[in-house]
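Each chain is listed here by its residues.
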Amino acid sequence: MGSEPSRRYDVCVVGAGLAGAAAARELTARGRSVLLLEQHAVGHVHGSSHGSSRIYRRAYLDPFYVGLTGQAADEWDRLEADAGVPLRTVTGGLDTGTERARGVLELLTATGLPVELLSAAEVTERWPGIELAGESAFHPDAGHLDADATVRACVDLAVAAGADLHERTALTALTRLEPAAGGVVVHTEGWSAHADAVVVAAGAWLPELLGGLAVAPTLPPLWVKQQELFHFAHRDPSAAWPTLVDKGRVELYMLGSGPRDGGPAPSYKIGQFDSESATTASTRDGVIDDRARRVVRTYVEQHLPGLDPDPTEEASCLFTMTGDGDFVLDRVGPVVIASPCSGHGAKFAPLLGVLLADLVDGAAPEPRFAFRGAGRTTGVGAGQ
């Protein structure tokens, strides 16, 4: 969309995934002129922001993230009101394993959020076909969000407010102008444009891209892995299950399949978070790791007899990981780096747009998200 840019922009946003799209939407809402670059088409399936079902929950064992989910909930309300479409589906959520369940119960209770502790028998009675070991914490505010629809809503709002969207246009280089207030020149294969600031929200391409950007800061270590996802049909098509997080022997995240992801029948989506599948965005082969398939199928056979154990669909996406599980949201000069990663950033999407716009406007970064902040060694993030 759009011809070669011919004017200077307030901000260039690189990447139209969840974080970049949300940033473009927020910046245009604040009256900024925005150039939005996407190396593929908006809504592509090559990265971390696609699919119609991503987990949405308030439960963490870290009070920092519980509080952040509250801020995100307010921003989801604002985004849904602006877009005029629902983006979240509330199902409630289970966190299983007695130690984890009691930790979630204690923290959510202290935060004033509704939560209850259920025995294994109570879980099965309430949701036939789920047979867990130990206690589980149930929090009704969990569910799943539509990542595809969220990206599209944010991009549409940004474009309607004047953002200049260029799809199939990759960033090739950034040149920082002197003095620092001069901003940057954004280079693509076909043209260049000036911007006062740039937000680099390149997802799994960030580790590779930063190596070629002379203005890039020193970041905490980032690595990319491929996440396998499997969809299983419900034996009872009328079943309405909550999301389920099990961090026992293996770490599994489970939720209802979205309307476009799991096939024609009602199904349940399961991914193994702690799988070993290191890759890069440019070399990933997309081949499903049979080790993850076996782990997930075994779990279904043992604990989810309400599902057919043969997956109806399987797919993959990319996770960009930090060692502590915290995001990277910080600024050096006119360049803002966004890596809301480690597998748990989607639920914060509209809030990320606000935080990134704040950085563009000169706000200090959240210490846990800074390049070399306290959270780089003490955060517990996605691991909790």
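Here the structure is shown first, and the text comes after it.
For clarity, every value in this text was computed on a predicted model and none was experimentally measured.

### Concerning the overall build of the chain
At step 1: On a plain count of helices and strands, the chain comes out with nine helices and 20 strands.
At step 2: The dimensions of the chain, computed from C-alpha atoms along their principal axes, are 65 × 40 × 40 Å.
At step 3: The 384 residues of the chain split such that 57% are buried.
At step 4: Restricting the contact set of the chain to residue pairs at least 6 apart, pairs at least 24 apart contribute 75%.
At step 5: Counting every atom, the chain has about 14,900 Å² of accessible surface; 52% of that belongs to carbon and sulfur.
At step 6: Side-chain charges in the chain split into 32 positive and 49 negative, and the spacing between the mean points of these groups amounts to 2 Å.

### Looking at helix 3 (residues 98-111)
At step 1: Compared with an ideal rise of 1.5 Å per residue, which puts 14 residues at 20 Å, helix 3 spans 20 Å between its outermost C-alpha atoms and is within 8% of the ideal.
At step 2: Taken together, the buried positions of helix 3 are Arg100, Ala101, Val104, Leu107 and Leu108. When helix 3 is viewed along its axis, its buried side chains cluster within an angular range of 140 degrees and face the same direction. Across helix 3 from its buried face, at more than 90 degrees, point the exposed residues Glu99, Glu106 and Ala110.
At step 3: Structurally, helix 3 contributes buried residues whose contacts are with helix 2 (63-83), strand 5 (93-96), strand 6 (116-118), strand 7 (136-139) and strand 14 (243-247).
At step 4: Directly after helix 3, the chain includes Gly112, whose backbone phi takes a positive value near 85 degrees.

### A word on the side chain of Gln226
At step 1: Note that Gln226 resides in strand 13 (residues 222-233).
At step 2: At a separation of 3.2 Å, a polar atom in the side chain of Gln226 contacts the side chain of Arg284.
At step 3: Side-chain polar atoms of Gln226 contact the backbone oxygen of Val287, separated by 3.0 Å.
At step 4: Ignoring anything within four residues of it in the chain, the contact list for Gln226 reads Ser275, Ser277, Thr279, Arg284, Asp285, Gly286, Val287, Ser316, Cys317 and Leu318.

### Points about the pairing of strand 13
At step 1: Within strand 13, eleven of the twelve residues are buried, leaving the element largely enclosed by the surrounding structure.
At step 2: With two bridges joining them, strand 13 and strand 17 (residues 278-279) adopt antiparallel strand pairing. In the sheet register, Lys225 faces strand 17, and the bridge partner there is Ala278.
At step 3: Alignment of strand 13 against strand 16 (residues 267-272), held across five bridges, turns out to be antiparallel. Bridging from a neighbouring strand, Phe232 pairs with Tyr268 of strand 16.

### A closer look at the environment of Gly325
At step 1: Mapped onto the elements of the fold, Gly325 is located in the loop between strand 18 (313-322) and strand 19 (328-332).
At step 2: Using a relative accessible area of 6% as the deciding quantity, one classes Gly325 as buried.
At step 3: Counting along the chain gives 15 residues from Gly325 to Asp310, while the straight-line C-alpha distance between them is 32 Å.

### Description of the environment of Leu219
At step 1: Take Leu219: it is sitting in the loop between helix 6 (206-210) and strand 13.
At step 2: By relative accessible area, which is 17% here, Leu219 ends up buried.
At step 3: On a C-alpha basis, the gap between Leu219 and Val328 in space is 8.1 Å, while along the polypeptide they are 109 residues apart.
At step 4: Once residues lying within four places of it in the same chain are set aside, the contact partners of Leu219 are Leu206, Leu210, Val328, Ile337 and Phe371.

### Things to note about the sheet that holds strand 4 (residues 88-90)
At step 1: Read across the open sheet, the three strands follow the order 3-8-4; overall the sheet is antiparallel. The open sheet has two edge strands, strand 3 (54-56) and strand 4, and neither has a second partner. Here the average twist between neighbouring strands, direction ignored, is 30 degrees.

### Things to note about the pattern of salt bridges
At step 1: Counting across every chain of the model gives 24 salt bridges.
At step 2: Note that Arg78 and Glu26 form a salt bridge whose closest N and O atoms lie 2.6 Å from each other. A residue pair is termed long-range when its members are at least 10 positions apart, and Arg78 in helix 2 and Glu26 in helix 1 (residues 18-29) qualify at 52 residues.
At step 3: Across the pair Arg291 and Asp289 runs a salt bridge, and its minimum N-O distance is 2.7 Å.
At step 4: Beyond isolated ion pairs, a larger network of salt bridges with shared partners links Glu26, Arg30, Arg32, Glu75, Arg78, Asp358 and Asp361.

### Some details on helix 7 (residues 290-303)
One full turn of an α-helix is made of 3.6 residues, so residues set three or four places apart face in the same direction.
At step 1: Its 14 residues place the ends of helix 7 20 Å apart at the C-alpha level, agreeing with the 20 Å of an ideal helix rising 1.5 Å per residue.
At step 2: Turning to helix 7, its buried residues number three or more, namely Ala292, Val296, Tyr299, Val300 and His303. Projected down its long axis, helix 7 shows its buried positions confined to an angular sector of 100 degrees, all on one face.
At step 3: Contact partners of the buried residues in helix 7: strand 13, strand 14, strand 15 (251-256) and strand 16.

### Remarks on the nonpolar core
At step 1: Val13, Trp76, Val155, Leu329, Phe348 and Leu356 are the most contacted members of the largest nonpolar core, which totals 56 residues.
At step 2: With residues up to four places along the chain from it excluded, the contact list for Trp76 reads Tyr56, Leu87, Arg88, Leu145, Thr150, Ala346, Lys347, Ala349 and Pro350.
At step 3: Core analysis: the next-biggest nonpolar cluster, separate from the first, contains 30 residues, Tyr9, Ala193, Leu206 and Leu219 among them.

### Re the packing of aromatic side chains
At step 1: In total, this model carries 13 aromatic pairs according to the counting rule given.
At step 2: A centroid spacing of 6.0 Å and a plane angle of 50 degrees characterise the contact between Tyr65 and Phe348, whose relative ring orientation is tilted. Of the two residues, Tyr65 sits in helix 2 while Phe348 sits in the loop between strand 20 (335-339) and helix 8 (349-360), which places them 283 residues apart along the sequence.
At step 3: In this structure Tyr65 comes out as buried when scored by relative accessible area, which is 0%.
At step 4: Looking at Phe348, the relative accessible area reads 1%, which means it is buried.

The rules we used
- Residue numbering note: each chain is counted from 1, following its sequence as written.
- In keeping with the model being predicted, local features are shown solely for residues with a pLDDT of at least 70 and side-chain atom pairs are shown and tallied solely at 80 or more, while totals for entire chains, interfaces and linings include all residues.
- Where side-chain values are given, they derive from all heavy atoms of the structure, hydrogens and water being excluded.
- Comment: elements are numbered from the N terminus, with helices defined as DSSP H or I runs of at least four residues and strands as E runs of at least two.
- Note on classification: 1.4 Å probe, protein chains only; a residue is buried when its accessible area is under 20% of the maximum for its type, exposed when over 50%, partly exposed between these limits.
- Two residues qualify as a contact provided that any one of their heavy atoms is within 4.5 Å of a heavy atom in the partner residue.
- Using a 1.4 Å probe, accessible areas were evaluated by the Shrake-Rupley method; residue-level cover was limited to the displayed protein chains.
- Positive charge is attributed to Lys and Arg, negative charge to Asp and Glu, and no charge count is given to His or to the chain ends.
- Here the site of a charge means NZ on Lys, CZ on Arg, CG on Asp, or CD on Glu.
- Given the number of residues in a helix, its expected span is that number minus one, multiplied by 1.5 Å.
- The directions considered for the arc are those from the helix axis to the C-beta atoms.
- We define a polar contact as two N or O atoms separated by no more than 3.5 Å, with the added condition that, inside protein, one atom must be a possible hydrogen donor and the other a possible acceptor, whereas residues neighbouring each other in sequence contribute only through side-chain atom pairs.
- Strand pairing is assigned whenever DSSP identifies at least 2 bridges connecting the two strands.
- Here, axes are lines fitted to C-alpha atoms. For helices the fit covers the stretch in contact, and angles between N-to-C directions go from 0 to 180 degrees.
- Only one rule defines a salt bridge in this text: a Lys or Arg side-chain nitrogen within 4 Å of an Asp or Glu carboxyl oxygen.
- Among buried residues, the Ala, Val, Leu, Ile, Met, Phe, Trp, Tyr and Cys ones that are joined through side-chain atoms within 4.5 Å form a nonpolar core.
- Stacked, tilted and edge-to-face are the three classes assigned to paired rings of Phe, Tyr and Trp, where Trp is represented by its six-membered ring and a pair needs centres within 6.5 Å; plane angles under 30 degrees give stacked, over 60 edge-to-face, the rest tilted.

Read these as layout, nothing more, since geometry by itself doesn't imply function.
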